[in-house]
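# Geometric and topological summary
Chain residues, written in single-letter form:
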Amino acid sequence: MQEEIVFIGTSDLSAHFRGKSFPASELPSKLRRGVGLAPTNLYMGAFGPIQTTTFGTSGEVFLIPDESTRVHFLGDGRPGEHFYLGDFYEMDGRPWDYCPRGALRRALEDLARETGWQLYSTFEQEFTYSGVDAHPPRPYELDGLRRIGTFGTDLLSLLRCAGITPDAFLAEFGPQQFEVTTTPALGLRAADEAVIVRELLRATAFRHNATVSVAPMADPDGVANGTHVHFSFRDAVNHPCMYDADQPLQMARPAQSFVAGLLSALPAICAVSAPSVASYYRLRPNRWAPVSADIGAFDRGAALRISPMNATDPADRARQYNVEFRVADATANPYLLLTALVRAGLDGIQRGARLDQHVAEALPRSLDEALDHFATIPDHWFGAGLRDGYVQFKRAEAAGLAALTESEICRRYAAVY
Ligand code: GLU
Ligand code: MG
């Protein structure tokens, strides 16, 4: 019998899924004690080497798996995979302030305490698959789906095996471009699923001797891969709380304040939702991607889109009502992205922000511009250490690419995402 290897990882600041692995015989003790890592491991750059780190070579933190995140499937003539997502803890057992998953957990707890709301969300993932011909593109065609062979069905099987419910799988607009969507999940689980979906895309492509890229742009004039995040809230008794037929945008007043807070903080949020240099080649006119901090009912060019409801019964409409956040791509760490979204919205609720008074300004045009905004967000969003470390880390990423052309930059990102 072949010995199995188990991996424990997390989405780091560059949104790569990194961690450590060990023989399955060690699993019982690793489930309790986790795997030890240098704090600097969180600061591995997008392209591999350590970029900049506030920790240098010192310190130790433990990544302890959350058993509910287990993904385990058998190989098909090849080794299977067995992995977990984890949380970082200090040596004395306290949660580590820099843990992205911990930052989201704290934001969700604050949201629940202040409003009674629970977040439901899902990440729609667009991606480019190398295993089909690029030309001609077959946007939305059945033949586009046919040509991907068993990739789609294999992917959906792995998702189900990971406890994720697929919602759609389709041939998207661009050459070799496809999209997979999943049903909304509660709180942390939605971000976990975003990480798992990206890994299972890669696992499936690997089994087909092909590759998947989720990078925002493979070429600056090409079609973009976005990661749209659909979100809604339910109250403590699981009742939907965003819909009100009598309000503008059919959105209940507190939800309007949440969304107004989100829109006004959008320039800063871009630093975690569109966090690579190439992200800003996507956020340009005529890309079906947003260019300003605006909201639109049923408008795929807006930063926030009210998703359509397909029902006449008010209770069904309330259940379906959700907002799509379109300013994101898959170079974003899902935990940091949802943390920013929740924090900005909660701030909006706390100060009674008015959606009808929101003025839609242009989105940042570069990562550096977004980081200028992000550097000024309140300490309580992420903690000052994580915020400042993130700014340093991302500034170094942008500086490292400054001498390259847009095409070269796209290629660099497409090679690693
Ligand atoms: N590919 C577009 C993007 O980058 C989105 C297209 C769509 O609406 O699905 O966001
Ligand atoms: Mg799409």
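Here is a short report on the structure shown in this document. (Residues numbered from 1 in each chain as written. Chains lettered and ligands numbered in written order. Predicted model: local features only at pLDDT ≥ 70, side-chain atom pairs only at ≥ 80, totals over all residues. Heavy atoms only, no water.)

### As for the overall build of the protein
Summing up its helical and strand segments, the protein has 14 helices and 15 strands in all. Rg of the C-alpha trace for the protein: 21 Å, near the compact-globule value of 22 Å for 417 residues, within the 12% margin. In terms of its C-alpha atoms, the protein occupies a principal-axis envelope of roughly 65 × 55 × 50 Å. Here the protein, with 417 residues, has 53% of them falling under the buried criterion. Of the contacts formed within the protein by residues at least 6 apart in sequence, a portion of 70% connects residues at least 24 apart. Total accessible area on the protein is roughly 17400 Å²; 51% of this is exposed by carbon and sulfur atoms. (Helix = DSSP H or I, 4+ residues; strand = E, 2+ residues; numbered from the N terminus. Rg over C-alpha atoms; globule rule 2.2 N^0.38 Å. Buried < 20%, exposed > 50% of the residue type's maximum accessible area, 1.4 Å probe, protein only. Contact = heavy atoms within 4.5 Å. Areas by Shrake-Rupley, 256 points an atom, 1.4 Å probe, with all protein chains shown as cover.)

### Concerning the packing of helix H4 (residues 151-161) against helix H5 (residues 188-207)
Running from amino to carboxyl end, H4 crosses H5 at an angle of 135°, the nearest separation of the two axes being 9 Å. Between H4 and H5, the angle falls in the class oblique. Here H4 runs over H5; the crossing is right-handed. Residues Phe151, Asp154, Leu155, Leu158 and Leu159 of H4 pack against Val197, Leu200, Leu201, Ala203, Thr204 and Ala205 of H5. Tallied by class, residues from the contact of H4 with H5 come to nine nonpolar, one polar and one charged. (Axes fitted to C-alpha atoms, helices over the stretch in contact; angles between N-to-C directions. Parallel < 35°, antiparallel > 145°, perpendicular 65-115°, else oblique. Left-handed = near helix turned anticlockwise from the far one by under 90°. Nonpolar A, V, L, I, M, F, W, Y, C, P; charged D, E, K, R; others polar.)

### Some remarks on the site of ligand 1
Every residue lining ligand 1 is accounted for by Glu126, Glu172, Glu179, Ala224, Asn225, Gly226, His228, Arg282, Trp288, Arg300 and Arg326. Between ligand 1 and the protein, one listed contact pairs an oxygen atom with a side-chain N or O atom of Glu172 at 3.0 Å. Arg326 is positioned such that a nitrogen or oxygen atom in its side chain is 2.8 Å from an oxygen atom of ligand 1. Burial of ligand 1 by the surrounding chains reaches 91%, relative to a free accessible area of 300 Å². (Near = heavy atom within 4 Å. Polar contact = N/O pair within 3.5 Å; in protein donor to acceptor, adjacent residues only side chain to side chain.)

### Things to note about a nonpolar patch on the surface
Together, Tyr140, Phe173 and Val223 make up an exposed nonpolar region whose accessible area comes to about 330 Å². Looking at the element boundaries, Phe173 is found in the loop between strand S8 (166-171) and strand S9 (177-182). (Patch = residues over 30% accessible without salt bridge, like charges linked within 9 Å, V, L, I, M, F, W, Y side chains within 5 Å. Salt bridge = Lys/Arg side-chain N within 4 Å of Asp/Glu carboxyl O.)

### Quick look at the nonpolar core
The biggest cluster of nonpolar side chains holds 131 residues, and the ones touching the most others in it are Phe127, Tyr129, Phe151, Leu200, Phe231, Ile269 and Phe325. A per-element tally of this core places H5 first, with eleven residues. Setting aside residues no more than four positions away along its own chain, Phe325 makes contact with Thr227, His228, Val229, Phe231, Leu262, Leu266, Ile269, Ser273, Ala303, Leu304, Leu337 and Leu341. (Core = buried A, V, L, I, M, F, W, Y, C linked by side-chain atoms within 4.5 Å.)

### Quick word on the packing of helix H6 (residues 253-264) against helix H7 (residues 266-273)
It is at 5 Å that the axes of H6 and H7 come closest, and there the two elements cross at 75°. Regarding the angle of H6 to H7, the classification is roughly perpendicular. On the side of H6, the interface is formed by Leu262, Leu263 and Ser264, while H7 contributes Leu266, Pro267 and Ile269. Considering only residue class, the contact of H6 with H7 consists of five nonpolar, one polar and no charged.

### Some remarks on the pairing of strand S7 (residues 118-129)
For a regular strand, side-chain orientation follows a simple rule: the groups alternate between the two sheet faces. The element S7 is extensively covered by neighbouring structure, given that eleven of its twelve residues are classed as buried. Bridge analysis of S7 against strand S12 (residues 227-234) gives eight bridges, and the strand direction is antiparallel. Bridge pairing links Gln125 to Thr227 in S12. Strand direction decides the pairing type here: S7 and strand S10 (residues 185-186), joined by two bridges, are antiparallel. Bridge pairing links Ser121 to Ala185 in S10. Pairing of S7 with S9, which is carried by four bridges, proceeds in the antiparallel orientation. Counterpart to Glu126 in the pairing with S9 is Glu179. (Pairing = 2+ DSSP bridges.)

### Structural notes on helix H11 (residues 367-374)
Considered for burial, the residues of H11 that qualify are Leu367, Ala370, Leu371 and Phe374. Viewed end-on, H11 has its buried residues packed into an arc of 100°, placing them on one side of the element. (Arc of directions from axis to C-beta.)

### Quick notes on the packing of aromatic side chains
Taken as a whole and assessed by the stated rule, the structure comprises 24 aromatic pairs. Seen in terms of ring centroids, Phe127 and Phe169 are 6.5 Å apart; in terms of plane orientation they differ by 40°. Their pairing is tilted. Separated by 42 residues along the polypeptide, Phe127 in strand S7 and Phe169 in strand S8 bring together distant segments of the chain. Put simply, the rings of Tyr43, Phe55, Phe88, Trp96, Tyr98 and Phe393 touch in pairs and so form one group of aromatic residues. Lys30 extends its terminal NZ or CZ atom over the ring of Phe22, reaching a point 5.6 Å from the ring centre. A cation over an aromatic ring shows up here: Arg234 above the ring of Tyr120, its NZ or CZ 5.6 Å from the ring centre. (Phe/Tyr/Trp six-rings, centres within 6.5 Å; stacked < 30°, edge-to-face > 60°. Lys NZ or Arg CZ within 6 Å of the ring centre and 35° of its normal.)

### As for helix H10 (residues 334-350)
Taking 1.5 Å per residue, 17 residues should reach 24 Å; H10 reaches 24 Å between its end C-alpha atoms and fits that length. Summarising burial for H10: 15 of the 17 residues are buried, a large majority. Capping the start of H10, Asn333 holds a side-chain oxygen 2.7 Å from the backbone nitrogen of Tyr335, two or three residues further along. One or two residues past the end of H10 sits Gly352, with phi positive at roughly 60°. (Expected span 1.5 Å × (residues − 1).)

### Things to note about the pattern of salt bridges
Enumeration according to the criterion identifies 23 salt bridges in this entry. The residue Arg343 makes a salt bridge to Asp110 at a minimum N-O spacing of 2.7 Å. With Arg343 in helix H10 and Asp110 in helix H2 (residues 100-115), the pair connects residues that are 233 residues apart, well separated along the chain. Residue Arg343 is classed as buried on the basis of its relative accessible area, which comes to 4%.

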